[in-house]
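Residue-level listing of the chains:
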Amino acid sequence: MQANYPPPPQQQSYAQAPPAQPVYTPAPAPQQSAFAPAREEQHYLQNRAPWTPPDPREAGARPAWLMSDNSEAAAPAPSVPQAPEDTLQASRDRLTSRWFALKGVFSGNTPPVETAPAAPTSRAPVLAVFSLAGGVGKTSLVATLGRALSARGERVLLVDTAAFGLLPFFFGARDQRPGVLRTFTPPGVSGDAPIQMLTIDPDTLGPENSPQETLTQEISRNSRAASRVMVDLATASGATTRRVLRMSPTILVPVIPDMSSVVSVGSIDAFFQRNVSATGQPIMPFYILNQFDPSLPLHLDVREVLREQMGDRLLPFALRRTPAVSEALAEGMTVVDYAPNSTVAEDFGALAGWVKSLAAPATTGFRGVRWSER
């Protein structure tokens, strides 16, 4: 009975065709009939209705050949966590706050100017230079130290509390102008910051115990663009010094290496212990030796005595004596400009570094502050 059937189609095709060129044989008829209706139905559904996401409940009915062999890939993708509910509420609060801010602008309710800047957090630090006697180089120290800080990019405000002091003459001025804010710029193209100067006549300050203190108000008003304030206190002026103490300054006292300085140190400490700062704490001043000559035994002995008496409040370096300081003033400049390579210019550079390490300069920029019409 097997002899009556013809051979299979594949064997017959391979027998007639050459070995190098096999003849393609279509898939068996049962396979074509199984897939053809599915293709027609899929085509029909695509033409009749748009595609919709599959129901997640039918995920388990997918064929095995569509599933990945990796178990991690086969697992359902984790759902993206939604934002917490309070995020939308916070966004609504921000929009409400901005709406009220804009409503205040258009309704004419202008916010007060005093609440805009955060001045207390960026107030310029104050350094006050005090002396109990004249001739110790207090004014030249203020001018030269301010010039050294200017060379380091700080915008310094120098305040002279003597109506007819010599401070403006260190920067080329020809006269004193009490009550006028002056700005001195370095010559030529330089990266040094300009120096501002304010001279205040102590006779115009009014009563010392007045609740509206004129001196501190003038300094605060003119130091808004300054990164540091340096005050040249009038010699042996207790009233002016007590006014400046309301600003909680750092006190620096220059002394020359002689016996009068050794004797006066105790009186200076006693004065600042009796007169406290705005925080209620006594201020302990720092001391620096000026016009120091290390070749003189007396100067060395005075330095050792002061070290034993004051400890760390005596700065570890001194301002060495040189005639270039007086010569620079005669030329209308500081010794930093007159003799930049001198030893005393190096000493003022060390003093400027100590001041910057003691209190960082204030920043003058404001962020997040609305403009106001003045």
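Residues numbered from 1 in each chain as written. Predicted model: local features only at pLDDT ≥ 70, side-chain atom pairs only at ≥ 80, totals over all residues. Heavy atoms only, no water.

**Description of the overall build of the chain**
- Within the chain one finds 12 helices and eight strands.
- Taking all 374 residues of the chain together, the buried fraction comes to 34%.
- A sequence separation of at least 24 residues applies to 73% of the contacts in the chain between residues at least 6 apart.
- When the accessible surface of the chain is totalled, it reaches about 24,100 Å², and 56% of it is carbon and sulfur. (Helix = DSSP H or I, 4+ residues; strand = E, 2+ residues; numbered from the N terminus. Buried < 20%, exposed > 50% of the residue type's maximum accessible area, 1.4 Å probe, protein only. Contact = heavy atoms within 4.5 Å. Areas by Shrake-Rupley, 256 points an atom, 1.4 Å probe, with all protein chains shown as cover.)

**Some details on the environment of V335**
- Examined against the element boundaries, V335 turns out to sit in helix α11 (residues 335–338).
- On the basis of relative accessibility, which here comes to 1%, the residue V335 falls in the buried class.
- Spatially, the C-alpha atom of V335 lies 9.4 Å from that of F348, the residues being 13 residues apart in sequence.
- Not counting residues up to four positions away in its chain, the partners in contact with V335 are T144, A324, V325, A328, P340, S342, V344 and F348.

**Concerning the nonpolar core**
- With 36 residues, the main nonpolar core has I219, V229, V231, I251, Y287 and L306 as its most contacted residues.
- Put simply, the parts of the chain that give this core at least two residues each are β1 (126–129), β2 (156–160), α6 (214–222), β5 (228–232), β6 (250–255), α8 (259–274), β7 (286–292) and α9 (297–310).
- In terms of residue count, the dominant contributor to this core is α8 (five residues).
- Each residue touching I251, except ones within four places of it in the same chain, is listed here: A128, F130, L245, F272, I283, P285 and F286.
- Among the nonpolar cores identified, the runner-up in size contains 32 residues, and A143, L158, A173 and I288 belong to it. (Core = buried A, V, L, I, M, F, W, Y, C linked by side-chain atoms within 4.5 Å.)

**Describing the packing of helix α5 (residues 138–151) against helix α12 (residues 343–358)**
- The interhelical angle for the contact between α5 and α12, taken along N-to-C directions, is 75 degrees, at an axis separation of 9 Å. With respect to α12, the element α5 is oriented roughly perpendicular. Of α12, the residues touching α5 (which contributes S140, L141, T144, L145, A148 and L149) are F348, L351, A352, V355 and K356.
- A per-class count over the contact of α5 with α12 returns eight nonpolar, two polar and one charged. (Axes fitted to C-alpha atoms, helices over the stretch in contact; angles between N-to-C directions. Parallel < 35°, antiparallel > 145°, perpendicular 65-115°, else oblique. Nonpolar A, V, L, I, M, F, W, Y, C, P; charged D, E, K, R; others polar.)

**Here's the deal with α9**
- Taking 1.5 Å of rise per residue, 14 residues should cover 20 Å, and α9 covers 20 Å from first to last C-alpha, within 8% of that figure.
- Inspection of α9 places H299, V302, L306 and M310 among the buried residues, and these make up the whole buried set. For α9, the angular spread of buried residues about the axis comes to 65 degrees, placing them on one side. For α9, the exposed residues set more than 90 degrees away from the buried face come down to P297 and E308.
- Along its buried surface, α9 packs onto β6, α8 and β7.
- Where α9 ends, the next residue or the one after it, G311, has phi of about 70 degrees, a positive value. (Expected span 1.5 Å × (residues − 1). Arc of directions from axis to C-beta.)

**Structural notes on the sheet that holds strand β4 (residues 195–199)**
- Strand order in the open sheet made by the eight strands is β3-β4-β2-β5-β1-β6-β7-β8, with mixed pairing throughout. Only two strands of the sheet have a single partner each, and these edge strands are β3 (181–184) and β8 (319–320).
- In this structure, β2 lies alongside β5, joined through five bridges in parallel fashion. Note on β5: the bridge partner recorded for V156 is R228.
- Against the sheet, α5 touches β1, β2, β4, β5, β6, β7 and β8, its axis set at about 165 degrees to β5. (Pairing = 2+ DSSP bridges.)

**A few points about the packing of aromatic side chains**
- For the structure shown, the criterion picks out five aromatic pairs.
- Ring geometry for F130 against F271: centres 5.9 Å apart, planes inclined by 5 degrees, an arrangement best described as stacked. Here the residue F130 occupies a position in the loop between β1 and α5, and F271 occupies one in helix α8, the gap between them amounting to 141 residues. Per residue, the accessibility class of F130 equals that of F271, and both read buried.
- For the pair F286 and W354, a centre-to-centre distance of 5.3 Å together with 75 degrees between the ring planes defines the contact as edge-to-face. With F286 in strand β7 and W354 in helix α12, this residue pair connects regions lying 68 residues apart in the sequence.
- For F286, a relative accessible area of 22% corresponds to the partly exposed category.
- An aromatic cluster is present here, built from F130, F271 and F272 joined pairwise through their rings. (Phe/Tyr/Trp six-rings, centres within 6.5 Å; stacked < 30°, edge-to-face > 60°.)

**Considerations on unusual backbone geometry**
- Although it is not a glycine, S248 sits at a positive phi angle of roughly 50 degrees.
- Mapping S248 onto the fold places it in the loop between α7 (238–244) and β6.
- The phi angle at Q291 is positive, at roughly 55 degrees, despite the residue not being glycine.
- Note on placement: Q291 falls in strand β7.

**Considerations on α12**
- With 16 residues, α12 extends 23 Å between its outermost C-alpha atoms, agreeing within 8% with the 22 Å of an ideal straight helix rising 1.5 Å per residue.
- Of the residues making up α12, those classed as buried are V344, A345, D347, F348, G349, L351, A352, W354 and V355.

**Re the confidence of the model for the chain**
- Model confidence for the chain is summarised by a mean pLDDT of 76, while 64% of its residues fall at 70 or above.
- Low pLDDT, under 50, characterises residues 10–23; the predicted model gives this stretch three contacts beyond four residues in sequence or across chains.
- Residue range residues 53–75 is modelled with pLDDT below 50. Its contacts to residues more than four positions away, or to other chains, number four contacts. (pLDDT = per-residue confidence, 0-100.)

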